[in-house]
Each structure stands twice: as C-alpha cells, then as structure tokens.
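# Understanding the architecture of this molecule
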Amino acid sequence: MSHPDYRLNLRALGTPRGVSSVVSPRGGGASPGDRKSKNKSTRGKKKSVFETYLSKEDVSEGLKRGTLIQGILRINPKKFHEAFIPSPDGDRDIFIDGVVARNRALNGDVVVVKLLPEEQWKVIKPESSDKEAEGAYEADLAEELCGHHLPQQSVKDCSDGPDVIIEAHLGDSDSEDGHGTAQNTLLDGVKKLSVCVHGKGKEDAGEPDRKDDSTSSSQDTRALSEKSLQRSAKVVYILEKKHSRAATGVLRLLADKSSELFRKYALFSPADHRVPRVYVPLKDCPQDFVSRPKDYANTLFICRIVDWKEDSNFALGQLAKSLGQAGEIEPETEGILTEYGVDFSDFSSEVLECLPQRLPWTVPPEEFSKRRDLRKDCIFTIDPSTARDLDDALSCRPLADGNFQVGVHIADVSYFVPEGSELDKVAAERATSVYLVQKVVPMLPRLLCEELCSLNPMTDKLTFSVIWTLTPEGKILDEWFGRTIIRSCTKLSYDHAQSMIENPAEKIPEAALPPISPEHSSEEVHQAVLNLHGIAQKLRRQRFADGALRLDQLKLAFTLDHETGMPQGCHVYEYRDSNKLVEEFMLLANMAVAHKIHRAFPDRALLRRHPPPQTKMLSDLVEFCEQMGLSVDVSSAGALNKSLTKTFGDDKYSLARKEVLTNMYSRPMQMALYFCSGTLQDQEQFRHYALNVPLYTHFTSPIRRFPDVIVHRLLAATLGCRELPDVEPEALQKQANHCNDRRMAAKRVQELSTNLFFAVLVKECGPLESEAMVMGVLNQAFDVLVLRYGVQKRIYCNALALRSHHFQKVGKKPELTLVWEPEEPEQEPVQQVITVFSLVEVVLQAEAAALKYSAILKRPGAEGCLGPRGEGAQADQEEED
C-alpha cells in the first residue's frame, strides 16, 4: 500500500514550525495531540510522541495473565481527548486520557490496554454537578428491544405520485440491544453519553470546549473513596483496525509557508475530530489548490490514512476523491458511506453472471417435486407502501376445530446465491443492505432484491416456510418447516392492514385496497388479517408476561420533495397494531428456526445472543432515579419493562417522562451479536436478554441480511435438502464477527443519514419549535429531549438572554434557576427553574456552519410555535425481526 513518496522520515516532519503541537478541535494546522496529558517528548524532534507497540508475544502473554485488557475503543465525539473501553467485569468503563494514551488507535478499533498506576486514575468528584463518565456511546438498540426499524426499502418511483415519505429515526437504530446513538446525557451523578447529531458525527463541535471541571488527576488519591476513582489505561497494541481509516474533511495549507513541508504537503482536517489531522501530498491535491486555497474552503474531500508513525502528531494519507460542496446531501452521503467502509459500487459482471440469464424467470418444473405447493393458499405481504424488497409473507387459515394454520413464508434467497460463487462472496462481504433516508445500498443485485426473490403479488415464488397449528390463544400445537412455492395474492401496506384491524366489521372499499388476485376476495384477506391480529395480541401479551423488554424510542419519518430530494417535513412515526402483527410472527419464526438448527447442529448453528446490560451503568441509573423519587426495578428484563410501562399515566407529562426514562435505560444495554454455537461453552451465554429467550436467530430477512442466508442453508441441511455447509465453527464465528461489524457500520450510516436530513430540514424549514423535557441539569447548561423530533440537545446558559443563572442542589436534585432579561425596561425579570423532568419550550435553529444547528430555550410566555411543513404526513414502517 505504501506509496514511494510516503516513505519519509516522519521524525523530520514532527510538528511543523509555527503550529502548536497540540490540537485545537477547530483550528487549522494543529495535530490532534493531547491537551490534557502533554507529553514533553513532543517538543523534541528526536523523541517519539507515542509509545512503541508491544510485540504480539507480549500482548498474548499479558492477556493470558490478565495484566493487559482487550476491548473496543470508543472516543467521545464532543470531547475527543476522552476515550473508553468496556470493563470486562461489567463495572465502570476504563478511561483513556488523551490522544497520546490512545496511541494512534481510532474509534471502533479493538485495542489492548495496560492499566496505569492507581495514582494516575481519573478522579471523579462525588459532589460535582457536571460529572461526566463513560462517554461516547455509539451503539444499537436491539430490534427486538425497540421494534423500530429504519426504512428497509428503496424510494419508490416518484413520477406517479406526490412527495415521498421515507422513514428514519434520530437517536437510535433498529436494533435489539440498547445503546442508542444520538447525543444523550444521563444527568447529575450518572453518565453523560454524548454522541452527535450532525452529519459528520460532531454535534455542537463549534461550542467552546467546556472542560469537565468535575474530573481531575490527583497525585494523592488515598483520601478518596474507591468509588470516586475510575480505572485509567493506555493503549499498548491495536489488535484489529476496525475503523476504515477514511474520513471526509477539508484541505488547508500548512501554516508555515517557509517550511520545506509547505512545498510538499497540505493539511487535511477531518470533519470528525476523533480522526487525526493528516498530511497529504500536494500532488494529490487540485492543481490550483496552493495558489487558490480559498476556492476549496468549502469542498469536501475523502482522505485515507496510510500511516501514522510514533514520532509524529500527524498521520500521513492520500486524497481519495473530491466529493463536492460541504452541506449538500449527496456529497455528504457519499462521505458517510466511504467513512464507514460501505461498498456502494456497482456489482461486477462476474457477480451479475451468477444471476439467471433467461428472463423473465419462471420456477423450474423440477422444483415442484421438491417443494410443497402453496400457490392456492391465501398468502399476502404486509410492508411499507414504498417497499420493493418483499422477503416475508403471511397466511392464516381457519381449521374446523377452531384452531388456525398460520404460515410465515420467507423468500428462498439461498436458491439464487450458490455457495462459493462470486455473488455469494460479495453478499458475504457486504453482509447487509444499508438503508439511507433517500436510497438503499443493496446487499444483492436489484434483479434479486426487487424481482426474482421479492415476493411480489400474483407471481410464483420460491420460499422457505414455517407453518404452525395454533390455538386462538397462540399456543403451538404443531410445527412444520419446509421449502415451498407460493403465489402472494396481494401486497398490503401497513396502512391497509391497519385499516382492516380498525374496521373489523366493515368491508373495505376496493378502491382503498391494492389489487387482489381473482382466486381470493378482499373479505378473505380481511378476515385473515383479523385472525392474525387476534393471535398476535395473545402472543405479545404472553411474551411480556414471560419477561420480555421493549424500549420504544422516537423515530422520525421524512417527507421528501420528489423533484429535489430535499426534506420538506418530518414527524415522529407511530408504531401501530399492523406493525406489531408482523413483528410477532417474525419473532416466532426466528425462535422456531433457532431451536431447529441448534438441535440438528449444536456446534454449527448461527444464532443471535443479547448479553445483559452493563451492571455499573444500570446501578448508577437506578440510584439517579431514586434521587428523583422514581423506583425502577432492574432485576430482570421483564421487571424493567414492567417498571417503565406501569409507572406512568397517559397524560402528556407522563408520556414525556416515559420517553426520557426509556432513552436513559437504553444506554446500559449491550449489542446483540451473531455467533456460532460451537464457539461458546456456556449455553447460558446464548440467551437473548431483551426477548428473554434461550435461543434466537435471524431467518426472516435474507434479501437484506447475510446471516439469514447462512441460516437458510443450515435449515435446508436439517431438512435433508442439502449437505451441511462445509464450515468449521471457528470460520463461521469469523463470518459472524464480520456480520456484526457491518451491521454496526450500517446502523451508524443510517443514523448519520437521518441526522444529515434533519440538519438540512432545520436549515431549510427552521427555526423549529417544540416542547422538550429536561434530561439533565449541569452548572452552566442542561440537556433536553426534544419531544416532537426525538433529538437530544444541550442548551447553554450563555446562549440565552439571561440576567443571571444560579445552580444549586435541593436535597440531591440539581436545580438551575434562570433569571431572564426583561424584554421591556419597565418589566420585572422572569425567573424560570429548570429541574430534571421539567417541560420546556425549545427552538432548533440553523447555525452558520454547514449542517449544524443548536437548541435554545424559548423565553417563558413567548408566543408562537412553528412546525415543519408536511407535519401530518403518515409513514409506513417495515417491521424488524
């Protein structure tokens, strides 16, 4: 990979003259050095900035002995000098203080750290009101945990209708574990998990760097209680560079025009401050960059880091591409995809040659002898109205004894993806489709996603089915797995199904429904939906009685202009009975298949586990709630669910408080992970915490998730339809790890896409006003959840028209009293008391910086409330399983 020109003595580069050796998050020419832990060696050109990494042998030995600790590095986007890795014992995260201690590792890397001596550990002052710890979470809520699912569909052709409604949500992802990702702050004495809301991962990056005055290093910690210390460490080895080493940003000239470096290099400043500044050769830059640098001040570039020597504050890289103007949707989107390593290139001819060449494709005659023919059954899909990749269908037939035959029918993608083919290799590498607000980057070629595999109505399709005999109460009497051929009779949207549920006794006018095949009537479909709904309600009730947990978070739906693609408006998506209907049967199928493949292949089943939440974060949160007068039982997933659902009324204030607490309790949740059953000895670790079940897998979305394709192959082997895939447990685990990584990257991309569109919306349609609930109170600021849009923002006192403000604790509760400057000289100042769970009015407004917006508090008694256009629009949601 090394370019000849990059083989420089970086010791000679060192820190350019005239440039500070420590970084300013916004300044030009500074390297991302370390303010807090100034390393004297950075001043001498002959000394290293960073420590040499340990040898592989020393690392292996240290991990075995327990003197070294391994973990995934998280860097706080708002305070880039702070980083953390999870503690192996589930206790408070291990703190890594500064860029030097981080030793060239980037966000998401798997690192090995060595604990520092205790006198160098982070001291957390117990009485501080600005306590920040365990920051920078960027993770997921398990999809079974929140049920909310980013738009798993491509944008429909807009030429035949009005504006497109696309879903996304701010502040979380469609997952089943529970960290969430919008910047969130967990209040006085708890953790503040800040993650960003602006398009490149740094919300509020333009704010003054408010150093956390609640933490300090202390040479004498003997007088402090153990609880007030946070273990601190330094990185000694990078086990796996998970970060793509690509970043978007802008180019600048070096500060010292007389230096030799000025004639060879430009300085690349990443938009994400967690990435170092990078020297890039001038020969990579536009020809007139040196003579006309201001022409490129607002141009986004992609840069790839190729090296970062231990004796330089700066990394070395090469410019990959110029994207276009910062702040525009498409350049920003391409930057996001590139940063997270998403392959959005066209499929190669070798891949496309794997697809059927004779079109239109029809089911080969020999398949009818291998499969159960269900083409005459009343089978239908329920999806978002804009969905094109329909991978699941449902059926429900009443039986003479009062029971029901219920089927879940999933596209047989594995039939079209031969194992070991070029198509298989590309799908395995991509591992997941990636859904942006305005488009999808598919895992498989569109011919498969939208035609051959998609369960489009009135067309013969190959499927894998799970068929149960169920009582009306949802009790399973019988279960069948097999390969099938179906012919969906209609494509229902969630709106169609919801209308049927809400009007059980009324015939839905044909004009209000999609086309239905002549073999079946709208009444038959309507009754099947009602029967499924009735069973789903019982299944759901039983699941929660059995101890499942759900943390619903606010999810945004965007209305896009069909000509420009710009956001016109947004609203929080409503999760309805039609969504829940689909969810219950997808969960049921996934659990059934998990047990089936694990019984057959106990060492080679690809399953999905969800570890319990991090105990330290959870206990801190419980303690905080107790201080606020709220009792939350976290002894189990079911107990937590009961606490969050039974504690609150249905008035506006209670619902808002539930949103805030749901958001808080998503933070300690861990990621759900794919794994091979043969690589874990303790079967208790197989469990899925949120669902509270012993075994779970993903079977129901093979068009967009590669783990489901693997599970289909395993299921086919259990049925004797094929040989067991020739993969050892270790190799299957490696594939599972890759799927976990790509899934996480896809989540980040989805969230950043949502953040990008919301920031554009604020810029184009703002200012936007909304009620908000206070989540945390600090000395000089407070954090709010903006209820109309589900975003979380920090509001600083110095940004408000205040005469004064005063912080105090009333008992253990933090309280900030704001004294507003009168609007008229003769008026008295207005006092406003801000406490946790206060309802306030806020205004979101764009800032001068591209795609940056801030929140300010609306003066008490001020009139008017603005909302974006398109407020009443409805969105469909495809259910995640």
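So, here is what we can say about the structure in this document.

The next subject is the packing of helix H5 (residues 329-339) against helix H18 (residues 729-765). Where H5 contacts H18, the two axes come as close as 10 Å, and the packing angle between them is 160°. On the basis of their axis angle, the class for H5 and H18 is roughly antiparallel. As H5 packs across H18, the resulting crossing turns out to be right-handed. When H5 is examined against H18, the residues Ile329, Glu332, Thr333, Ile336 and Leu337 are found in contact with a partner set consisting of Val749, Leu752, Ser753, Leu756, Phe757 and Val760. Classifying every residue of the contact of H5 with H18 gives 8 nonpolar, 2 polar and 1 charged.

Residues Phe380, Leu581 and Phe585 are the most contacted members of the largest nonpolar core, which totals 92 residues. Examining the composition of this core, we find that 10 residues originate from one element, helix H13 (residues 577-600), more than from any other. Apart from residues lying up to four places away in sequence, Leu581 is in contact with Ile382, Leu394, Ile501, Val529, Leu532, His533 and Ala536.

Pairing is antiparallel in the open sheet, where 5 strands are placed in the order E31-E30-E29-E35-E36. Both outer strands of the open sheet, strand E31 (791-796) and strand E36 (853-857), are each paired with one neighbouring strand and no more. Each strand axis lies, on average, 45° off the axis of its neighbour in the sheet, ignoring direction. Along the sheet, helix H16 (residues 652-666) contacts strand E29 (768-777), strand E30 (781-786), E31 and strand E35 (839-846); its crossing angle with E29, the most-contacted strand, is approximately 60°.

Moving on, we get to the packing of aromatic side chains. Summed over the entire model, instances satisfying the criterion amount to 14 aromatic pairs. Note on Tyr279 and Phe314: the rings are 4.6 Å apart at their centroids and 35° apart in plane angle, and the pair reads as tilted. Note that Tyr279 is positioned in strand E13 (residues 278-281) and Phe314 in the loop between strand E14 (299-307) and strand E15 (315-325), a separation of 35 residues in sequence. A relative accessible area of 0% places Phe314 in the buried class. In this structure, Arg609 is placed above the aromatic ring of Phe675, and the distance from its NZ or CZ to the ring centre is 5.8 Å.

Turning to the sheet that holds strand E1 (residues 68-72), a few remarks are in order. Strand order in the open sheet formed by 3 strands is E1-E5-E10, and the pairing between neighbours is antiparallel. What marks the edges here is a single partner per strand, and that holds for E1 and strand E10 (233-240). Going across the sheet, the axis of each strand differs from the next one's by a mean of 30°, ignoring polarity. Bridge count between strand E5 (residues 110-115) and E10: 6 bridges; the pairing is antiparallel. Following the sheet pairing, Leu115 is matched in E10 by Ala233.

Residues other than glycine predominantly adopt negative phi, and peptide bonds predominantly adopt the trans conformation. With an omega of 0°, the peptide bond running from Leu359 to Pro360 counts as cis. Within the secondary structure layout, Pro360 lies in the loop between helix H6 (349-352) and helix H7 (365-370). Residue Pro767 follows Gly766 across a cis peptide bond; omega there is 0°. Here the phi dihedral of Asn103 falls at roughly 55°; this positive angle occurs in a residue that is not glycine. Relative to the helices and strands, Asn103 resides in the loop between helix H3 (99-102) and E5. Classification of Asn103 by relative accessible area gives buried; the value is 1%. Phi at Arg104 is positive, roughly 75°, even though this residue is not glycine. Within the secondary structure, Arg104 sits in the loop between H3 and E5. A relative accessible area of 9% places Arg104 in the buried class.

Moving on: the environment of Tyr53. The residue Tyr53 is located in the loop between helix H1 (10-13) and helix H2 (56-65) in this model. Look at Tyr53 and you get partly exposed, because its relative accessible area is 27%. Excluding residues within four positions of it along the chain, Tyr53 makes contact with Asn103, Arg104, Val236, Tyr237 and Ile238. A polar side-chain atom of Tyr53 sits 2.6 Å from the main-chain carbonyl oxygen of Asn103.

The rules behind the values
- Residues numbered from 1 in each chain as written.
- Predicted model: local features only at pLDDT ≥ 70, side-chain atom pairs only at ≥ 80, totals over all residues.
- Heavy atoms only, no water.
- Axes fitted to C-alpha atoms, helices over the stretch in contact; angles between N-to-C directions.
- Helix = DSSP H or I, 4+ residues; strand = E, 2+ residues; numbered from the N terminus.
- Parallel < 35°, antiparallel > 145°, perpendicular 65-115°, else oblique.
- Left-handed = near helix turned anticlockwise from the far one by under 90°.
- Contact = heavy atoms within 4.5 Å.
- Nonpolar A, V, L, I, M, F, W, Y, C, P; charged D, E, K, R; others polar.
- Core = buried A, V, L, I, M, F, W, Y, C linked by side-chain atoms within 4.5 Å.
- Buried < 20%, exposed > 50% of the residue type's maximum accessible area, 1.4 Å probe, protein only.
- Pairing = 2+ DSSP bridges.
- Phe/Tyr/Trp six-rings, centres within 6.5 Å; stacked < 30°, edge-to-face > 60°.
- Lys NZ or Arg CZ within 6 Å of the ring centre and 35° of its normal.
- Polar contact = N/O pair within 3.5 Å; in protein donor to acceptor, adjacent residues only side chain to side chain.

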